[in-house]
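Report on the structure
The chain contents come next:
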Amino acid sequence: MAIAALLLAGLAAPAWAQATGEGLDLRETLAGVLAYTRWPVPPDPLRLCFAGTSPHAERLQQQGFSWSGSPPVLLRKLEPGVPVATQCDALYLGALGAAQWQQLTDELDGQPVLTLCERSTPCLASGMVRMDIDAAGRQVRFEINLDAVARGTVRIHPQVLRLGHRGIPQERKP
């Protein structure tokens, strides 16, 4: 559902907490957000899936992705027809149509899957982490949808909002 539809229905817009990853690129921002995320059962390996179209996601898939102190990270495209929670711990969403967004939102309700999305209207209502990325992927602003995180089963530590000031944590802490 788009924000305009929420407002017309008399519902409050989601609460967002914003951070600017000053000097952090997409890889560093993702590493920081994932390092500050806690799942009900810690994933090992961490399965990062991709859906939709995005040149940034394509670059990540081609180059590989991990960070110091992380469990092994498996990168994969989302397989249609297979439940998302059985194949992904985190889902990076590029450009998707509204119907695809709604289908994923319905499927992920109550599942331990972190959703990371590039700036889009559907992401406003249901994405957990929304990123605004420059064309080169070198400067990232991100926002945490506090309502979506509160409804979900994964937790993001509030320290993630300091990424732009402190950088990426070197180890994952329980």
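Below is a summary of the structure that appears in this document. In this text the structure is predicted, and so the values were computed from the model without any measurement. Think of each chain on its own: its residues are numbered from 1, step by step along the sequence as written. Local features in a predicted model are, by the rule used here, given only for residues with pLDDT of at least 70; side-chain atom pairs are given and counted only at 80 or more, and totals for whole chains, interfaces and linings are based on all residues. With hydrogens and water set aside, each side-chain value is computed from the structure's full complement of heavy atoms.

Quick notes on the layout of surface pockets
Rules: Here a cavity denotes grid points, spaced 1 Å and computed from the protein atoms alone, that fit a 1.4 Å probe unable to get out, and a pocket denotes an open set having protein on both sides within 12 Å along at least 5 of 7 lines; residues with an atom within 4 Å of a point are the lining. Grid points are joined across faces, edges and corners, and a volume is the space filled by probe spheres set on the points. Working definition: helices are DSSP H or I runs of at least four residues, strands are E runs of at least two. Numbering for both runs from the N terminus. The nonpolar class holds Ala, Val, Leu, Ile, Met, Phe, Trp, Tyr, Cys and Pro. Asp, Glu, Lys and Arg form the charged class, and all remaining residues, Gly among them, are polar.
By volume, the second largest pocket is sized at about 390 Å³. At the level of elements, β3 (46-51), α3 (55-63), α4 (84-87) and α5 (98-108) are the ones that each hand at least two residues to the lining of the second largest pocket. Tallying contributions element by element places α5 first for the lining of the second largest pocket, with four residues. Looking at the lining of the second largest pocket residue by residue, the classes come out as 11 nonpolar, nine polar and four charged.

A word on the nonpolar core
Generally speaking, soluble globular proteins have nonpolar side chains that are buried together. This is how the line gets drawn: The nonpolar core is taken to be a set of buried Ala, Val, Leu, Ile, Met, Phe, Trp, Tyr and Cys residues, with the residues joined through side-chain atoms within 4.5 Å. For the exposure calls, accessible area comes from a 1.4 Å probe over protein chains only, and a residue counts as buried if that area is under 20% of its type's maximum, exposed if over 50%, partly exposed in between. Should any heavy atoms of two residues lie within 4.5 Å, those residues are counted as being in contact.
Counting residues in hydrophobic clusters, the biggest one holds 32 residues, and the most contacted among them are Phe65, Tyr92, Leu114, Leu116, Val129 and Met131. Secondary-structure elements contributing two or more residues to this core are α2 (26-35), β3, α3, β5 (90-93), β6 (114-118), β7 (129-133), β8 (140-145) and α7 (146-151). Looking at this core element by element, the count peaks at six residues for α2. With residues up to four places along the chain from it excluded, the contact list for Met131 reads Leu26, Leu30, Tyr92, Leu116, Cys117, Glu118, Arg119, Val140, Arg141 and Phe142. Among the nonpolar cores identified, the runner-up in size contains 14 residues, and Cys49, Leu78, Leu93 and Leu108 belong to it.

Considerations on the pattern of salt bridges
Put simply, the rule reads: Put simply, a salt bridge is a Lys or Arg side-chain nitrogen that is within 4 Å of an Asp or Glu carboxyl oxygen.
Following the criterion strictly, the structure yields two salt bridges and no others. For the salt bridge of Asp89 with Arg47, the shortest nitrogen-to-oxygen distance reads 3.0 Å. One end of the pair, Asp89, is in the loop between α4 and β5; the other, Arg47, is in strand β3, with 42 residues separating them in the sequence. Both residues of the pair, Asp89 and Arg47, belong to the buried class. Taking the shortest distance from any N to any O, the salt bridge between Arg130 and Glu143 comes out at 2.1 Å. One end of the pair, Arg130, is in strand β7; the other, Glu143, is in strand β8, and 13 residues separate them in sequence. Glu143 matches Arg130 in its accessibility class, with the two residues each being buried.

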